[in-house]
Amino acid sequence: MKKSIVASSMLLALLGSTAVQAEMPTFYGAMRLAVTDADTSFASNIGGGEGTTIENDFSLVGIKGNVALNDALALVYKAEVMVRGEDSAASNPFSSRDTYLGLKGGFGQLTFGKMGSAFWKAEGGVDKFNLTNTDINRLFSGNSRYGDMISYISPKLGGLTLMGTYQLEDDAYGADADVEGDLYSVSALYGDKKLAKKNYFVALGYNAGLGGDEAYRVTGQVKLGKVKLGAMFQDTKDLNFENLDGSGFVVDAAYPLTDVITLKVRYGQDDSGNGKYAGNVMKSLAGLNKGDVTKAEVTNYAVGADYKLSKAAKLYAHYSRFDAEVATAAAKLYDEGDNIFTMGLHYKF
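What you are looking at is a predicted structure, and each value in this text was computed from that prediction instead of being measured.

S.K.: I keep staring at the pattern of salt bridges and nothing clicks. Help me out?
M.R.: By the definition in use, this model includes eleven salt bridges. For D335, the salt bridge identified is with K332, shortest N-O distance 3.5 Å. Three or more residues joined by partner-sharing salt bridges are found here, namely K295, E325, K332 and D335.

S.K.: Just to check I follow, could you spell out unusual backbone geometry for this structure?
M.R.: Backbone geometry follows two general trends: most residues other than glycine have a negative phi, and most peptide bonds adopt the trans configuration. Despite not being glycine, L131 shows a phi value in the positive range, around 75°. Relative to the elements of secondary structure, L131 occurs in the loop between α2 (118-121) and β7 (145-153). Of the residues examined, L131 reaches a relative accessible area of 21% and is grouped as partly exposed. For L195, which is not glycine, the phi dihedral falls at a positive 55°. With respect to the secondary-structure elements, L195 resides in the loop between β9 (184-191) and β10 (200-207).

S.K.: Whenever I open this one, a positive patch on the surface confuses me. Can you help?
M.R.: On the surface, a cluster of positive charge is contributed by K121, K156, K193, K194, K197, K198, K308, K311 and K348. Relative to the assigned elements, K308 resides in strand β15 (residues 293-308). Of the residues examined, K308 reaches a relative accessible area of 44% and is grouped as partly exposed.

S.K.: Would you take a moment to explain a negative patch on the surface for this structure?
M.R.: Together, D178, E180, E242, D245, D271 and E297 give the surface a local cluster of negative charge. Tracing the sequence through the fold places E297 in strand β15.

S.K.: Whenever I open this one, the side chain of D338 confuses me. Can you help?
M.R.: Relative to the elements of secondary structure, D338 occurs in strand β17 (residues 332-348). One buried charged residue, D338, forms no salt bridge at all, with the nearest opposite charge on R321 at 7.4 Å. A polar side-chain atom of D338 sits 3.2 Å from the main-chain amide nitrogen of D39. A polar contact is formed between the side chain of D338 and the side chain of T40, at a distance of 2.6 Å. When neighbours within four sequence positions are excluded, D338 is seen to be in contact with A38, D39, T40, Y277, S320, R321 and F322.

S.K.: Could you clarify how one ought to interpret the side chain of D192 in this entry?
M.R.: Note on placement: D192 falls in the loop between β9 and β10. Of the side chains with opposite charge, K156 comes closest to the buried, unpaired D192, at an N-O distance of 6.8 Å. A distance of 3.1 Å separates a polar side-chain atom of D192 from the backbone nitrogen of K194. Not counting residues within four places of it along the chain, the set of residues in contact with D192 comprises K197, K198, Y200 and F201.

S.K.: For this particular structure, what's the right way to read the packing of aromatic side chains?
M.R.: Within the structure shown, the criterion is met by ten aromatic pairs. Seen in terms of ring centroids, Y206 and Y216 are 5.0 Å apart; in terms of plane orientation they differ by 40°. Their pairing is tilted. With Y206 in strand β10 and Y216 in strand β11 (residues 213-224), this pair connects stretches of sequence that are ten residues apart. Classification of Y216 as partly exposed rests on a relative accessible area of 44%.

S.K.: It is not clear to me how the pairing of strand β4 (residues 73-83) should be interpreted in this structure. Could you clarify?
M.R.: Two faces belong to every sheet, and in a regular strand the side chains alternate between them. Pairing between strand β3 (residues 60-68) and β4: nine bridges, direction antiparallel. Pairing of A68 across the sheet is with A74, part of β4. Connecting β3 to the antiparallel partner β4 that follows it, the hairpin turn spans four residues.

S.K.: Got a minute to help me understand the pairing of strand β1 (residues 26-38) in this structure?
M.R.: Bridging between β1 and β3 involves five bridges; their strand directions are antiparallel. Among the inter-strand pairings, A30 is bridged to a residue of β3, identified as L60. Note that β1 and β17 share nine bridges and pair antiparallel. Within β17, the residue paired with D37 across the bridge is F341.

S.K.: Looking at this structure, I do not really get the environment of T52. What am I missing?
M.R.: Its place among the elements puts T52 in strand β2 (residues 51-56). The sequence separation of T52 and L224 amounts to 172 residues, and the corresponding C-alpha distance is 38 Å. Setting aside residues no more than four positions away along its own chain, T52 makes contact with V35, T36 and D37. Of the polar contacts made by the side chain of T52, one reaches the side chain of D37; its length is 2.7 Å.

Parameters and conventions
Residue positions are given per chain, counted from 1 along the sequence in the order it is written. For a predicted model such as this one, the threshold for reporting local features is a pLDDT of at least 70, and the threshold for listing and counting side-chain atom pairs is 80 or more; totals across whole chains, interfaces and linings nevertheless cover every residue. Side-chain measures were taken over the full set of non-hydrogen atoms in the model, leaving aside hydrogen atoms and water. Here a salt bridge means any side-chain nitrogen of Lys or Arg lying within 4 Å of a carboxyl oxygen belonging to Asp or Glu. Only DSSP runs of H or I reaching four residues or more are called helices, and only runs of E reaching two or more are called strands; each is numbered from the N terminus. Only protein chains enter the accessibility calculation, which uses a 1.4 Å probe; a residue is then buried when its area is under 20% of its type maximum, exposed when over 50%, and partly exposed in between. Patches here are clusters of residues that have more than 30% relative accessible area and form no salt bridge, with a 9 Å joining cutoff for like charges and a 5 Å cutoff for nonpolar side chains (Val, Leu, Ile, Met, Phe, Trp, Tyr). All accessibility values rest on the Shrake-Rupley procedure with a 1.4 Å probe; residue burial counts only the protein chains present in the view. Counted as positive: Lys and Arg. Counted as negative: Asp and Glu, with His and the chain ends omitted from the count. Think of each charge as sitting on NZ of Lys, CZ of Arg, CG of Asp or CD of Glu. Identification of polar contacts relies on pairs of N or O atoms within 3.5 Å, with a donor-acceptor requirement for protein atoms, meaning one able to donate a hydrogen and the other able to accept it, and with residues adjacent in sequence counted only if both atoms are side-chain atoms. Note on definitions: a residue-residue contact is assigned when non-hydrogen atoms from the two residues lie within 4.5 Å. Two rings from Phe, Tyr or Trp (for Trp, the six-membered ring) form a pair when their centres sit within 6.5 Å of each other. Planes less than 30 degrees apart are called stacked, planes more than 60 degrees apart edge-to-face, and all others tilted. Strand pairing follows a simple DSSP-based rule, namely that at least 2 bridges must link the two strands.

So this is what it looks like as structure tokens:
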């Protein structure tokens, strides 16, 4: 009798341990803080501003998992938040990022919740200053995540991946909301955006109206020897202010000078007025009606370097220059430059 009880207890413990191991989520995160000196606050991340400040380059923590339901189907989930601690005045230390639940199988992956748009994914790995105050979203709109979303990712078809995201209008805005454009985006991705398994990546993206813009995006990357080159073209139209309609491009390059030092450069411009930098400039102009804007141009170039401290940690530094011009038919309202010097520390776990 005693042997039976002991054996049963051991079996239950073993089964319980196995179940816990199979369903245990992965905990992960990243801490990214930078000291920045800038002429204006138009390019700043959270905590930054004019002068010398500490910026939070989107430090985050999250959990994610993949639980097999049977031989053909798995449940996937993710819950991620940004963490604030750089600003003593911050009343809420957390804000939501990707948070979703869904299913994955031979059909691909279908998820529901808050996540980045398919159009955003067409950026690939072009942005060598990603998440900093020189992120590519300073020039272009479309790199955003939205709640109340349905996302589909196809299985790889000979190296090609198709993606689509749709936002439920009634859920996000209410049944009586007047929303311009269709709330979906799609993209097609081919190759390897990290340029590790393949030395090329190309992508096409279309946003029908998420965030109030209609946009087209074409991206290409290639690895030539040790040099990684990337370029992206985007045409953007504001669906609420049709005068804000234009296009732009960005090119960047990265070169590993040594095993631990990587140099990177960027040049980009946009005349649609829909990127974050142009938007912040226009917000600063008292009494401006965006419908009166006839010119909203932004140019950016940047040089920087990453210094690898370990597999999980690096130092990064860059100098970035933004030149912006905003005008109406009556007058030129803004024509200034912005010099940004940044040094930061990034640790991921």
